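Close look at the chain arrangement
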Amino acid sequence: MSETSIEPRPWTSEPATTPDLEQQVEHARDAHLMLDPRPLEESNQQAIASMQRTSRLTWAVVVVLLGGVGMAAASWLIQIATGIGVTGLNNTIFWGIYIVNLVYFIGIGHAGTFISAAFRVLKFETRRPIARAAETVTLFALAAAALFPFIHLGRMWKAYWMIPYPNQRQLWPNPQSALLWDATAILTYVIGSILFIYLSLIPDLAMLRERTTGWRRVLYRALALGWRGTDREWSIQESAANIFAYAIIPVMFSVHTIVSWDFAMTIQPGWHSTIFGPFFIVGALFSGVAAVIMVMAVLQRFMKLAYFIRAEHFDAMAKFLLVMSFAWIYFYFAEVLTNWYGNLPPEMEILDLLMHGAAAPFWFLMLFCNIVVPVGLLWMRRVRRSPGVLFVIAIFVQIGMYLERYIIVGVMLGRPEMPFRWSSYTPALELIIAVGAFAFVASFYLDLHPRLPHHPALGGRRGAVVQWAAQGGPGVHERQVRPALGPAPGRELRYGRIPGTRAF
Amino acid sequence: MKARFLPVMCQQCGEAPCEPVCPVYATYHSTEENLNVMVYARCVGTRYCANNCPYRVRSFNFYEPEFEGALVEQLNPDVTVRSAGVMEKCTFCIQRIRRADQKATVEGRALEDGEVQPACAQACPPKAIVFGDASDPESQVAKLIEGNERRYQLLHNLGTKPAVYYLKGGASNV
Ligand code: SF4
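Residues numbered from 1 in each chain as written. Chains lettered and ligands numbered in written order. Predicted model: local features only at pLDDT ≥ 70, side-chain atom pairs only at ≥ 80, totals over all residues. Heavy atoms only, no water.

Surrounding the ligand, one finds Cys10(B), Gln11(B), Gln12(B), Cys13(B), Ala16(B), Pro17(B), Cys18(B), Asn36(B), Cys53(B), Tyr55(B), Val57(B) and Arg58(B). Here the residues of the shell around the ligand sort into 8 nonpolar, 3 polar and 1 charged. (Near = heavy atom within 4 Å. Nonpolar A, V, L, I, M, F, W, Y, C, P; charged D, E, K, R; others polar.)

Structure below.
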């Protein structure tokens, strides 16, 4: 095997230099959002550069967040050792913050995959940077959400009884229980989401494999599944991702509907409502879109990805958020109006509690966060294009949607049919665990996200390998092509032929 | 305003909302006795049943039950002490029902009316609680509720078919 015979083509970080060219580039990017006239290699390097830096500040934040996670874990241990009594729950309000967090995080997790899949189905050219941000949010939010059913259980060490497993007494879980539907739907969604995200990551992982060293290279190599970027691989990946996109959207709708049925299937006043399914879906998308906007803003600001995540992307997402706000208002209005007009005593007690009672501050704050802030601000183009302002609006939406779930669980449960059982709920230890869950998501995001390619343009362009192959010619060893790919020390021959030149 | 006292124990609903929601069948319907039965050992503590009980009569073991000193000696040997994290509810003293039923079976006869008394009925000095087999028209309970215009059920509009009947105040209106 001959040593390298082709001179390395030096990669330069200098962008197009002449002002004239610079203008042309800008013009082209305005005309086609995803068209990137820079050389592929250059934009890849740009994306990678943002991945390899982990600043001291980031580490400090991660340490603080992990401290929060540790406190939450300790609290959970205390709860397991002592009993659910360490929470603020009582014999009227049996569900609290844990269920609120479950619904909240699942809601966030929904938007991610939905946005990504919907963009794919609708063939949005702008999808890529948003899609990757959205998918990562899904992953971490689902990881947090999956913990809460277990934290919630009175005897979490018996949780496996809810799984159908063969046992001597032939005891099975109860298929009539909405909780079982819920677990099934969520599990389906988690597996589907992971596969869907992974599918779209493979080309990027392969690209990283080519460009990293050490343990990262080992990791990326395992994850890339031997991806070479041939035309055939691209078309298989493309159609697989499309099938997944079409399949995951109905799954997503079903999951949040079924989560809402945990409430709607009961006869608890305030919960027993046919509108809950679509209402929860809208709520999930509302908070989820806001979460994706927050992540986009953070990436754009701190990861130096302004080149990829542009004002147009924020504008599109802000419009989506505005639409979701309107949809949420519509459903909530319909729900409250029917209850109010119906004038049934148990429902009226709840409305009274929300409008004039102890829960009024929560209720009005929720309306302010979910209606006044987004509807009042998002109609302005300037606001929609400013990541900072959007970030603040998104935080308001998060607060509003969290309160919405809190009102459904923690407030409404306190007004059962029998007045002598009325009660109120003040969270105690579960607050630490709830905060810990947010820290868990944030620290995972800060810690892991930089290790994942957060921008699918990273080599995610069809024909990339074919292009390199053209520089090496057929039958050339990888090592000879490598100079075009950038540095990769110590690699031996991997393919006998250049991928893309081989007849499959 | 008139204070009224209503002992509200589990109503042993014929169509119990608490039953279908349990993911592990820890609470189910015993058709033979028309009772809502709770299998404590099977409970994982989702607390879903308690949320769906419109009477909110279930109570949860938020802590491990503790009995000070000699109080341990008074625990009922027929009933296990349930651990923390398990849902509790009134069983209509099913251990007494089962014991009397088995005794009657061994002796080869039917269970007599009044043979089984739950602890609450036994303890009530003015005998305000009457327990028996409502499906037997000769029983004391059946006679009390049959055609009695004072009788009512709690939240009967929900269609839970409670097995407990209350009698409205008569002349004294208490
Ligand atoms: S009263 Fe409540 S706990 Fe008892 S059977 Fe009815 S729903 Fe179940």
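That covers the picture; the talk isn't over yet.
A separate point is the interface of chain A and chain B. At the junction of the two partners, chain A supplies 40 residues and chain B supplies 38 residues. When the buried surface of chain A facing chain B is broken down by residue, Phe94(A), Arg155(A) and Met418(A) rank first, second and third, together holding 19% of it. At the surface where chain A touches chain B, the tally comes to 0 salt bridges. Our enumeration of links across chain A and chain B arrives at 24 residue pairs in polar contact (both at pLDDT 80 or more). Among the secondary structure elements, those contributing two or more residues to the side of chain A that touches chain B are helix 6 (178-211) and helix 8 (231-264) of chain A. (Contact = heavy atoms within 4.5 Å. Buried area = accessible area lost by both parts, 1.4 Å probe. Salt bridge = Lys/Arg side-chain N within 4 Å of Asp/Glu carboxyl O. Polar contact = N/O pair within 3.5 Å; in protein donor to acceptor, adjacent residues only side chain to side chain. Helix = DSSP H or I, 4+ residues; strand = E, 2+ residues; numbered from the N terminus.)

What follows covers the side chain of Glu430(A). Position of Glu430(A) among the secondary structure elements: in helix 15 (residues 430-448). Buried and unpaired, Glu430(A) has Arg47(B) as its nearest opposite-charge partner, separated by 8.0 Å. A distance of 2.4 Å separates the side chain of Glu430(A) from the side chain of Tyr425(A), its partner in a polar contact. Beyond its immediate chain neighbours, meaning those up to four positions away, Glu430(A) contacts Val86(A), Thr87(A), Gly88(A), Leu89(A), Ile97(A), Tyr98(A) and Tyr425(A). (Buried < 20%, exposed > 50% of the residue type's maximum accessible area, 1.4 Å probe, protein only. Lys, Arg positive; Asp, Glu negative; His and termini not counted.)

This part takes up the packing of helix 6 of chain A against helix 7 (residues 214-224) of chain A. The axes of two packed helices give the description: the angle between them and the distance between them. All names here are of chain A. The interhelical angle for the contact between helix 6 and helix 7, taken along N-to-C directions, is 140°, at an axis separation of 8 Å. Relative to helix 7, helix 6 is oriented oblique. Where helix 6 crosses over helix 7, the two elements pack in a sense that is left-handed. Facing Tyr198, Ile202, Leu205, Ala206, Leu208, Arg209 and Glu210 of helix 6, the residues of helix 7 in contact are Arg217, Tyr220, Arg221, Leu223 and Ala224. By residue class, the composition of the contact of helix 6 with helix 7 is 8 nonpolar, no polar and 4 charged. (Axes fitted to C-alpha atoms, helices over the stretch in contact; angles between N-to-C directions. Parallel < 35°, antiparallel > 145°, perpendicular 65-115°, else oblique. Left-handed = near helix turned anticlockwise from the far one by under 90°.)

Okay, the confidence of the model for chain B next. Low-pLDDT stretches of the model should not have their predicted coordinates read in fine detail. Residue-level pLDDT values for chain B average 89, and 95% of them are 70 or greater. Scored as a complex, the prediction yields pTM 0.83 and ipTM 0.89. (pLDDT = per-residue confidence, 0-100.)

Let us now look at the confidence of the model for chain A. All names here are of chain A. Mean pLDDT over chain A: 78, with 75% of residues reaching 70 or higher. Residue range residues 1-6 is modelled with pLDDT below 50. Its contacts to residues more than four positions away, or to other chains, number 9 contacts. Segment residues 33-37 is flagged for pLDDT under 50; beyond a separation of four residues in sequence, or across chains, it makes 19 contacts in the model.

Attention now moves to the packing of helix 4 (residues 97-121) of chain A against helix 8 of chain A. Residues and elements named next belong to chain A. At a minimum axis separation of 9 Å, helix 4 and helix 8 run at an interaxial angle of 155°. Accordingly, the angle class assigned to the pair helix 4 and helix 8 is roughly antiparallel. Here helix 4 runs over helix 8; the crossing is left-handed. Within the contact of helix 4 with helix 8, the residues separate by chemical class into 17 nonpolar, 5 polar and 2 charged.

Moving on: helix 14 (residues 387-411) of chain A. Side chains three or four residues apart in an α-helix point the same way, a direct result of the helix having 3.6 residues per turn. Taking 1.5 Å per residue as the helical rise, helix 14 of chain A with its 25 residues ought to reach 36 Å, and the 34 Å between its terminal C-alpha atoms agrees with that figure. Counting buried positions along helix 14 of chain A gives 18 out of 25 residues, so the element sits mostly inside the fold. (Expected span 1.5 Å × (residues − 1).)

The subject of this paragraph is the pairing of strand 1 (residues 27-30) of chain B. All names here are of chain B. By the bridge criterion, 4 bridges tie strand 1 to strand 2 (residues 35-38) in an arrangement that is antiparallel. Bridge assignment links serine 30 to a residue of strand 2, and that residue is leucine 35. Between the antiparallel neighbours strand 1 and strand 2 lie 4 residues, among them asparagine 34 with a positive phi of about 50°. (Pairing = 2+ DSSP bridges.)

With that out of the way, let us pick up a nonpolar patch on the surface. Residue and element names in this part refer to chain A. On the surface, a cluster of nonpolar side chains totalling about 390 Å² of accessible area is made up of Leu365, Phe368, Val372, Ile395 and Ile399. Mapped by element, the contributors of at least two residues to the nonpolar patch are helix 12 (360-377) and helix 14. Sorting elements by how many residues they give to the nonpolar patch places helix 12 first, with 3 residues. With respect to the helices and strands, the residue phenylalanine 368 is situated in helix 12. Judged by relative accessible area, which is 37%, phenylalanine 368 ranks as partly exposed. (Patch = residues over 30% accessible without salt bridge, like charges linked within 9 Å, V, L, I, M, F, W, Y side chains within 5 Å. Areas by Shrake-Rupley, 256 points an atom, 1.4 Å probe, with all protein chains shown as cover.)

Residues and elements named next belong to chain B. Within the chain, asparagine 34 stands out as a residue other than glycine whose phi angle is a positive 50°. Residue position: asparagine 34 is located in the loop between strand 1 and strand 2. Since its relative accessible area comes to 35%, asparagine 34 is described here as partly exposed. Despite not being glycine, arginine 47 shows a phi value in the positive range, around 65°. Mapped onto the elements, arginine 47 comes out in the loop between strand 2 and helix 1 (48-51). In this structure arginine 47 comes out as buried when scored by relative accessible area, which is 1%.

Relative to the helices and strands, Thr138(A) resides in helix 5 (residues 127-152). Not counting residues up to four positions away in its chain, the partners in contact with Thr138(A) are Gly109(A), Gly112(A), Thr113(A), Tyr189(A) and Ser193(A).

It is worth spelling out the environment of Gly67(A) at this point. Residues and elements named next belong to chain A. Take glycine 67: it is sitting in helix 3 (residues 56-82). Here glycine 67 falls in the partly exposed class, since its relative accessible area comes to 38%. Taking C-alpha positions, glycine 67 is 8.5 Å from alanine 439, a pair spaced 372 residues apart along the chain.

Moving on: the pattern of salt bridges. Residues and elements named next belong to chain B. The tally for this structure, following the rule as stated, stands at 9 salt bridges over all chains. Between arginine 98 and glutamate 33 there is a salt bridge; the shortest N-O distance is 2.9 Å. Taken as a pair, arginine 98 in helix 2 (residues 94-106) and glutamate 33 in the loop between strand 1 and strand 2 lie far apart in primary sequence, 65 residues in all. Among the ionic contacts, a cluster of salt bridges with common partners joins Glu107, Arg109, Glu112 and Glu115.

This next bit is on the nonpolar core. Residue and element names in this part refer to chain A. The biggest cluster of nonpolar side chains holds 148 residues, and the ones touching the most others in it are Trp95, Phe105, Phe263, Leu321, Trp328 and Tyr332. By residue number, the principal contributor to this core is helix 9 (residues 276-302), which donates 17 residues. Apart from residues no more than four positions distant in its own chain, leucine 321 is found in contact with Phe286, Val289, Ala290, Ile293, Leu378, Ile393 and Val397. Among the nonpolar cores identified, the runner-up in size contains 12 residues, and Ile197, Leu199, Leu201 and Ala224 belong to it. (Core = buried A, V, L, I, M, F, W, Y, C linked by side-chain atoms within 4.5 Å.)

Before going further, it helps to examine the packing of aromatic side chains. One pass over the full model with this rule turns up 30 aromatic pairs over all chains. Centre to centre, the rings of Phe105(A) and Phe148(A) are 6.4 Å apart; their planes meet at 15°, and the pair counts as stacked. Highlighted residues: Phe105(A) in helix 4 and Phe148(A) in helix 5, separated in sequence by 43 residues. The exposure class of Phe105(A) is buried, given its relative accessible area of 3%. Grouped by ring-pair contacts, the aromatic residues Trp95(A), Phe263(A), Trp271(A), Phe276(A), Phe279(A), Phe280(A), Trp328(A), Tyr332(A) and Tyr48(B) constitute a single cluster. Between the NZ or CZ atom of Arg82(B) and the centre of the ring of Tyr40(B), over which it lies, the distance is 4.4 Å. (Phe/Tyr/Trp six-rings, centres within 6.5 Å; stacked < 30°, edge-to-face > 60°. Lys NZ or Arg CZ within 6 Å of the ring centre and 35° of its normal.)

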